[in-house]
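The lines below spell out each chain.
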Amino acid sequence: MKKITLVVSAFVFLFISNISAQQSVINDLDEVFDSAEVIRIEAKRTKAALKTLTVDYLVNNNPNPDVTTYLQLMDVSMEVVEEYSDEVNYYIGRAAQGNSNIDPSSIQSKASTIEGNEDYVRIKSAALKTAIEQGNTNQARGLISEIRGLLNTQIALAKEIKIEATNLKSLAVTYNVRIELVDERSGASVPAGTLPGYAASNQDTGEIFYTDYYNYDTFLNLPVGTYRFDAYDGYFDGASSAIVTLDQSLVGNDGFIVVTLRYWSE
């Protein structure tokens, strides 16, 4: 009895730990998403300030537009962009550490590009101030175009990061499955331990997962997908297969998806 209690306790602890780790990865991906959204907002704010300056200078032909206000707003926003680019890199790195299926390289590359662009926005904006003060309209026009392009890149990359972070959640989400047997004739419940064990075959990847000696009727942390669940035949008995697409709507109050196989015996 003591051994069984220890096994059950270990199983419960493992189950809770897995759920906690999974939620931690999801939380990290949410942070990536939110940080990218902050970047997008700040880049758009700078772009709007640049537009105001451009209209006053090039459309209204004001030789002394309010460059100072633009530079102040740009400086604050680019400071935020730099900070949250680091946040993106930090949290996608954490998510990858928590789930080996997550490849952080694409998001990290985009965040690094955004951070590099932030430096150029500052440099080009300082040059724009000089060009306006010197009355060099053609140079100012070119710099405005360059700055706008840099900001558009930040906005586009931030949007891509948000999409990627959302898509990566499917890799972070896993499901726990419990096998239940019912007699094919009577429909009565049959102990799952009646058969030697069970296997789950991912229909998309071909990967096969097995139950173990202690948790003979349960699969922990199955990735999202469609699976065929099979039972190992006994000497004179066995069970039908079942194909199930794992989905949150199937999860019961105990955190498990129940897959029912029909038991037969000769």
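Predicted model, so just to flag it, every value in this text is computed and none were measured.

## Observations concerning the overall build of the protein
Link 1 in the chain: Along the backbone of the protein there are 4 helices and 9 strands.
Link 2 in the chain: Scanning the protein from its N terminus toward the C terminus, one meets helices and strands in the order α-α-α-α-β-β-β-β-β-β-β-β-β.
Link 3 in the chain: Relative to the 2.2 N^0.38 estimate, which gives 18 Å for 266 residues, the radius of gyration of the protein is 29 Å and therefore markedly larger than a compact globule would have.
Link 4 in the chain: Taking the principal axes of the C-alpha coordinates as reference, the protein spans close to 95 × 35 × 25 Å.

## Digging into the sheet that holds strand β8 (residues 242-245)
Link 1 in the chain: Taken together, the 4 strands give an open sheet; going across it, the order is β4-β3-β6-β8, and neighbouring strands pair in antiparallel fashion. Sheet topology places β4 (208-210) and β8 at the edges, where each strand pairs with a single neighbour. Strand after strand, the sheet turns through a mean of 25° between neighbouring axes, direction not considered.
Link 2 in the chain: Inspection of the sheet shows strand β3 (residues 198-202) paired to strand β6 (residues 226-231) by 5 bridges, in the antiparallel sense. For Tyr198, the partnering residue across the bridge sits in β6 and is Ala231.

## Some remarks on the pattern of salt bridges
Link 1 in the chain: Evaluation of the coordinates by the stated rule reveals 15 salt bridges.
Link 2 in the chain: Where Glu42 meets Arg45, a salt bridge forms, and the shortest distance between an N and an O atom there is 2.5 Å. Taken as a pair, Glu42 and Arg45 lie in helix α1 (residues 2-59) at a separation of 3 residues, close to a single helical turn.
Link 3 in the chain: Given the relative accessible area of 12%, Glu42 is considered buried.
Link 4 in the chain: Note on Arg45: relative accessible area 39%, which makes it partly exposed.
Link 5 in the chain: When salt bridges that share partners are traced, they join Asp75, Glu79, Glu118 and Arg122 into one network.

## Quick notes on the layout of surface pockets
Link 1 in the chain: Computed from the structure, the largest pocket encloses a volume of approximately 260 Å³.
Link 2 in the chain: Among the elements of the structure, α4 (137-172) and β5 (218-223) are those that each provide at least two residues to the lining of the largest pocket.
Link 3 in the chain: Here the residues of the lining of the largest pocket are counted per class, giving 5 nonpolar, 8 polar and 2 charged.

## Quick look at the packing of aromatic side chains
Link 1 in the chain: For the coordinates displayed, the defined rule picks out 4 aromatic pairs.
Link 2 in the chain: Relative to Phe229, the ring of Phe219 has its centre 5.6 Å away and its plane inclined at 65°; by these criteria the two rings are edge-to-face. Of this pair, Phe219 sits in strand β5 while Phe229 sits in strand β6, and the two are 10 residues apart along the sequence. By the burial criterion, Phe219 is buried, and Phe229 matches it.

## Side note on unusual backbone geometry
Note: most residues except glycine have negative phi, and most peptide bonds are trans.
Link 1 in the chain: Despite not being glycine, Asn61 shows a phi value in the positive range, around 60°.
Link 2 in the chain: If you trace the backbone, Asn61 turns up in the loop between α1 and α2 (67-98).
Link 3 in the chain: We classify Asn61 as exposed; its relative accessible area is 58%.
Link 4 in the chain: A positive phi angle, near 60°, is found at Asn221, a position not held by glycine.
Link 5 in the chain: Looking at where Asn221 falls in the secondary structure, it is placed in strand β5.

## Points about the nonpolar core
Link 1 in the chain: Ranked by size, the top nonpolar core spans 65 residues in total, and within it Phe229 and Leu261 carry the most contacts.
Link 2 in the chain: In this view, Leu261 contacts Ile179, Glu180, Leu181, Val182, Tyr198, Phe229, Asp230, Ala231, Ala239, Ser240, Ser241 and Ala242; residues no more than four positions away in its chain are not counted.

## Description of the packing of α2 against α4
Link 1 in the chain: In the contact formed by α2 and α4, the axes pass within 13 Å of each other and the chain directions differ by 30°. The orientation of α2 relative to α4 falls into the category roughly parallel. You can see that α2 and α4 cross each other, and the crossing is left-handed. Across the interface between the two elements, Tyr70, Met78, Val81, Val88 and Ile92 of α2 pack against Ile147, Leu151, Gln154, Ile161 and Leu168 of α4.
Link 2 in the chain: Its residues assigned to classes, the contact of α2 with α4 shows 9 nonpolar, 1 polar and no charged.

## Details of the side chain of Ser85
Link 1 in the chain: Following the sequence through the fold, Ser85 ends up in helix α2.
Link 2 in the chain: Ignoring anything within four residues of it in the chain, the contact list for Ser85 reads Ile39, Ala111, Ile114 and Glu115.

## Describing the confidence of the model for the protein
Low pLDDT means the predicted coordinates in that region are not meant to be read closely.
Link 1 in the chain: Counting all residues, the mean pLDDT for the protein is 91, and 92% of those residues have values of 70 or more.
Link 2 in the chain: In this model residues 1-15 is a low-confidence stretch, pLDDT under 50, and it forms 12 contacts with partners more than four residues away in sequence or in other chains.

Procedures and definitions
- Residues numbered from 1 in each chain as written.
- Predicted model: local features only at pLDDT ≥ 70, side-chain atom pairs only at ≥ 80, totals over all residues.
- Heavy atoms only, no water.
- Helix = DSSP H or I, 4+ residues; strand = E, 2+ residues; numbered from the N terminus.
- Rg over C-alpha atoms; globule rule 2.2 N^0.38 Å.
- Pairing = 2+ DSSP bridges.
- Axes fitted to C-alpha atoms, helices over the stretch in contact; angles between N-to-C directions.
- Salt bridge = Lys/Arg side-chain N within 4 Å of Asp/Glu carboxyl O.
- Buried < 20%, exposed > 50% of the residue type's maximum accessible area, 1.4 Å probe, protein only.
- 1 Å grid on protein atoms, 1.4 Å probe; cavity = no way out; pocket = protein on both sides within 12 Å on 5 of 7 lines; lining within 4 Å.
- Points joined across faces, edges and corners; volume = space filled by probe spheres on them.
- Nonpolar A, V, L, I, M, F, W, Y, C, P; charged D, E, K, R; others polar.
- Phe/Tyr/Trp six-rings, centres within 6.5 Å; stacked < 30°, edge-to-face > 60°.
- Core = buried A, V, L, I, M, F, W, Y, C linked by side-chain atoms within 4.5 Å.
- Contact = heavy atoms within 4.5 Å.
- Parallel < 35°, antiparallel > 145°, perpendicular 65-115°, else oblique.
- Left-handed = near helix turned anticlockwise from the far one by under 90°.
- pLDDT = per-residue confidence, 0-100.

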